[in-house]
Amino acid sequence: MREVPDGVLLPAGETVTFEPSGLHLMLVGLNQPLVEGEAFPLTLQFEHAGTIEIEVPIAGIAAREAPDDGAGRNGSSHEGH
Ligand SMILES: [Cu+2]
């Protein structure tokens, strides 16, 4: 893995995907363990668009998608159906 200290370029009109083995966020220096099934807040910082706080659901290590909590907020989990 290679750190991207200057951030990730998000070209206008294109999709940038974060996934295992590709671009991903790595959480370091956590103050407490992550518990599967719970969630934590994460602040994304954009150069031109300010910051956005999101809730990150904690899934198992082999999960490819966020867990569906039934609230219908996770729109990406049903792509391709
Ligand atoms: Cu990494």
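Rules used in this analysis
Residues numbered from 1 in each chain as written. Predicted model: local features only at pLDDT ≥ 70, side-chain atom pairs only at ≥ 80, totals over all residues. Heavy atoms only, no water. 1 Å grid on protein atoms, 1.4 Å probe; cavity = no way out; pocket = protein on both sides within 12 Å on 5 of 7 lines; lining within 4 Å. Points joined across faces, edges and corners; volume = space filled by probe spheres on them. Nonpolar A, V, L, I, M, F, W, Y, C, P; charged D, E, K, R; others polar. Donors = N, O, S within 2.8 Å, 3.2 Å for Na, K, Ca; no water. Helix = DSSP H or I, 4+ residues; strand = E, 2+ residues; numbered from the N terminus. Buried < 20%, exposed > 50% of the residue type's maximum accessible area, 1.4 Å probe, protein only.

For the chain, the name recorded in an unreviewed UniProt entry is Copper chaperone PCu(A)C, with Pelagibacterium halotolerans as its organism.

Estimates place the volume of the second largest pocket at around 170 Å³. Lining the second largest pocket, in full, are Gly29, Leu30, Asn31, Gln32, Pro33, Leu34, Val35, Glu38, Ala39, Phe40 and Ile58. Of the residues contributing to the lining of the second largest pocket, the split by class is seven nonpolar, three polar and one charged.

A separate point is the coordination of the copper ion. Protein-derived ligands of the copper ion are Met1 (SD) and His24 (NE2), with the metal-ligand distances lying across 2.0 Å. Residue Met1 is located in the segment before strand 1 (39-46), and its partner His24 is located in the segment before strand 1; the two are separated by 23 residues in the primary sequence. A relative accessible area of 82% means that Met1 is categorised as exposed. Take His24: its relative accessible area is 32%, and that puts it in the partly exposed class.

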